[in-house]
Amino acid sequence: MYQASKAVIYFNNHFYLQLRDNNPNILYPNKWCFFGGRLIVGEKPEECLIRELKEEISFNPENFKLIYDWFNSETKTQIYFYLIKVNLFRIFNVNEGQKGEWVNINDLNKLLFAPDIKAMKEFIKTNSLDVFE
């Protein structure tokens, strides 16, 4: 079993998402997902989150909170979702994937998305949105 950390970067009813590379050799090519990735041996989920965000968008989050964990049975991966609230529509330096973009929570159904987005949509359906506010 694998483990991964994902960043649910949030501001004003929007998530900052990554459009994955259009490469058939990676999981979920050309689909939208949250930034993050798999833990390396001996790494804690919080350490993975910080490492991945530094690598992928040159961002060092100071405040984040575990809000959800979910098992992706397709990839045999336990995924930890961390909420990171920002106070503006920040432009990040995207170093991995095709691009990053702010997406309104109501527009998630318009995207081709990876399972982590589906899992978060299910979380939102069954939990109060207060966690995001």
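To be clear, the structure that these remarks concern was listed above.
The paragraphs below set out a description of the structure included in this document. Bear in mind that the values here come from a model prediction, so they are computed numbers and not experimental data. (Residues numbered from 1 in each chain as written. Predicted model: local features only at pLDDT ≥ 70, side-chain atom pairs only at ≥ 80, totals over all residues. Heavy atoms only, no water.)

### A look at the layout of surface pockets
- Its volume calculated, the largest pocket comes out at about 340 Å³.
- Along the wall of the largest pocket there are 19 residues; nearest its centre are K6, R20, L27, G37 and R38.
- Those elements that provide at least two residues to the lining of the largest pocket are β1 (2–11), β4 (35–38), α1 (45–57), β6 (77–85) and α2 (115–126).
- Ranked by residues supplied to the lining of the largest pocket, first place goes to β4 with 3 residues.
- Partitioning the lining of the largest pocket into residue classes produces 7 nonpolar, 5 polar and 7 charged. (1 Å grid on protein atoms, 1.4 Å probe; cavity = no way out; pocket = protein on both sides within 12 Å on 5 of 7 lines; lining within 4 Å. Points joined across faces, edges and corners; volume = space filled by probe spheres on them. Helix = DSSP H or I, 4+ residues; strand = E, 2+ residues; numbered from the N terminus. Nonpolar A, V, L, I, M, F, W, Y, C, P; charged D, E, K, R; others polar.)

### Examining the pattern of salt bridges
- Counted according to the given criterion, the structure contains 7 salt bridges.
- The partner of D116 in a salt bridge is K6, and the shortest N-O contact between them spans 3.4 Å. Here D116 is found in helix α2, whereas its partner K6 is found in strand β1, with 110 residues between them in sequence.
- Assessed through its relative accessible area of 4%, D116 is described here as buried.
- According to the relative accessible area criterion, K6 is buried, its value standing at 11%.
- Across the pair E52 and R51 runs a salt bridge whose closest N-O atoms are separated by 3.1 Å.
- A single salt-bridge network, built from bridges that share partners, covers E43, R51, E52 and E55. (Salt bridge = Lys/Arg side-chain N within 4 Å of Asp/Glu carboxyl O. Buried < 20%, exposed > 50% of the residue type's maximum accessible area, 1.4 Å probe, protein only.)

### Regarding the environment of N95
- Along the polypeptide, N95 turns up in the loop between β6 and β7 (99–104).
- N95 gets classed as partly exposed once you look at its relative accessible area, which sits at 42%.
- With 37 residues separating them along the chain, N95 and S58 place their C-alpha atoms 7.5 Å apart.
- Not counting the four nearest positions on each side in its chain, N95 is found in contact with K54, E55, E56, I57 and S58. (Contact = heavy atoms within 4.5 Å.)

### Looking at α1
- For α1, with 13 residues, the first-to-last C-alpha span of 18 Å sits near the 18 Å given by 1.5 Å per residue.
- All of the buried residues along α1 are P45, C48, L49, E52, L53, E56 and I57. Burial along α1 is one-sided: seen end-on, the buried residues are contained in an arc of 125°.
- In the core, the buried residues of α1 are packed alongside β1, β2 (14–19), β4 and β6.
- Positive backbone phi, approximately 50°, marks S58, located one or two places after α1. (Expected span 1.5 Å × (residues − 1). Arc of directions from axis to C-beta.)

### Some points on the side chain of E56
- Secondary-structure assignment places E56 in helix α1.
- The side chain of E56 sits in the buried core without any salt bridge; R20 is the nearest counter-charge, 6.3 Å away.
- Excluding anything up to four places from it in sequence, E56 contacts Q18, F35, G36, N93, V94, N95 and E96. (Lys, Arg positive; Asp, Glu negative; His and termini not counted.)

Everything listed here is a matter of geometry and, on its own, says nothing about what the molecule does.
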